[in-house]
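Take a look at the letters that make up each chain.
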Amino acid sequence: MARGAWLCLWLALAPCLAQAAGFIVNVGGAQNAFSPQTITITAGDTVTFVNKGGFHNVVADDNSFRCARGCDGQPNGNGNPSNSNWVASVTFNSPGTIGYFCEVHGMPGAGMFGTIAVQPATPVRLQSFFVD
Ligand SMILES: [Cu+2]
């Protein structure tokens, strides 16, 4: 079998290797709450927080992120609470349970708070096979 055919098979599988997903968490709006309050994602996925109204921010219990109009530590990022229609994205690369809250309306595990369960990325099993 020509080596070129093997290369094509490998390339066909390559897009399957890194399928990071995106999740939306709505912030505030009708209630001082995050919605959905609890989400389960896979390591490598990104969560985008969208302020639907009110004076809010989103801060990790472990201080790994603090976001509103961007995130602290990012260029022009500012995690101070804001009532603008801000959108902030955080990528979670490590498995674990991440608690977060709004500094104005919550605290870790109480009031306006949420939880992100980050599951380990599923190992990718590559199969090889001959094509006649
Ligand atoms: Cu708030």
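Above this text is the structure in question.
Along every chain, residues carry numbers that run from 1 in the direction the sequence is written. This being a predicted model, a pLDDT of at least 70 is required before a residue's local features are given, and a value of 80 or more before pairs of side-chain atoms are given or counted; all residues contribute to the totals for chains, interfaces and linings.

Chemist: Quick rundown of the overall build of the chain? Include the residues and the values.
Modeler: A count of helical and extended segments in the chain gives one helix and ten strands. In this text, helices come from DSSP runs of H or I with a minimum length of four residues, and strands from runs of E with a minimum of two, each type numbered from the N-terminal end. Secondary structure elements in the chain, listed N-terminal to C-terminal, are α-β-β-β-β-β-β-β-β-β-β. Each residue is classed by its C-beta neighbour count within 10 Å, where at least 20 other C-beta atoms makes it buried, 12 or fewer makes it exposed, and intermediate counts make it partly exposed; the C-beta atoms are placed from backbone geometry. For the chain, with 132 residues in total, the buried portion stands at 25%. Note that contacts rest on C-beta atoms placed from the backbone: two residues are in contact if these are within 7 Å. Intrachain contacts of the chain at a sequence separation of at least 6 include 55% that bridge at least 24 residues.

Chemist: Requested: an account of the sheet that holds strand β8 (residues 87–92), with residues and values cited.
Modeler: Paired strands, in this sense, are two strands between which DSSP finds at least two bridges. A sheet is described by the order of its strands in space; here four strands give the open sequence β2-β1-β4-β8, paired in mixed fashion. Lying at the two open borders of the sheet, with one neighbouring strand each, are β2 (34–35) and β8. Bridge analysis of strand β4 (residues 45–51) against β8 gives six bridges, and the strand direction is antiparallel. Across the sheet, Thr-46 pairs through a bridge with Thr-91, a residue of β8.

Chemist: Account for the environment of Asn-51, naming residues and giving values.
Modeler: Positionally, Asn-51 belongs in strand β4. A sequence separation of 37 residues divides Asn-51 from Ala-88, and the C-alpha atoms of the two residues are 8.7 Å apart. If we ignore the near neighbours within four places in the chain, the residues touching Asn-51 are Val-27, Gly-28, His-56, Asn-85 and Trp-86.

Chemist: Tell me about unusual backbone geometry, residues and numbers included.
Modeler: Cis geometry marks the peptide bond from Ser-35 to Pro-36; its omega dihedral reads -5°. You can see Pro-36 is positioned in the loop between β2 and β3 (38–42). Of note, Asn-63 is a non-glycine position whose phi angle comes to about 65°, a positive value. Counting through the fold element by element, Asn-63 comes out in the loop between β5 (58–60) and β6 (66–68). Residue class for Asn-63 comes out exposed when judged on the 8 C-beta atoms lying within 10 Å of it.

Chemist: Give a detailed account of the nonpolar core, specifying residues and quantitative values.
Modeler: By size, the foremost hydrophobic cluster in this structure holds 23 residues, and its most contacted members are Val-47, Phe-49, Val-58, Cys-67 and Ala-88. Of all the elements in the fold, those that place two or more residues in this core are β1 (22–27), β4, β5, β6, β8, β9 (96–107) and β10 (110–119). The element contributing the most residues to this core is β10, with four residues. Once you skip the residues sitting within four places of it in the chain, Ala-88 turns out to touch Phe-49, Val-58, Cys-67, Ala-68, Gly-70 and Cys-71. Each nonpolar core comprises buried Ala, Val, Leu, Ile, Met, Phe, Trp, Tyr and Cys residues, the members being joined through C-beta atoms within 7 Å.

Chemist: Tell me about the sheet that holds β6, and please be specific about residues and values.
Modeler: Read from one edge to the other, the open sheet built from six strands follows the order β3-β10-β9-β5-β6-β7, with strand pairing classed as mixed. Each end of this open sheet is capped by a strand with a single partner; those strands are β3 and β7 (70–71). Of the strand pairs in this sheet, β3 and β10 are connected by five bridges, and their pairing is parallel. If you follow Ile-39 over to β10, its bridge partner there is Ile-116.

Chemist: Explain the environment of His-105 residue by residue, including any values.
Modeler: The topology assignment puts His-105 in strand β9. Under the C-beta neighbour-count criterion, His-105 is labelled buried, with 20 such atoms within 10 Å. Taking the C-alpha atoms as reference, His-105 lies 7.6 Å from His-56; in sequence the two are 49 residues apart. For His-105, the residues in contact, after removing those within four places along its chain, are Asn-32, His-56, Gly-111 and Met-112.

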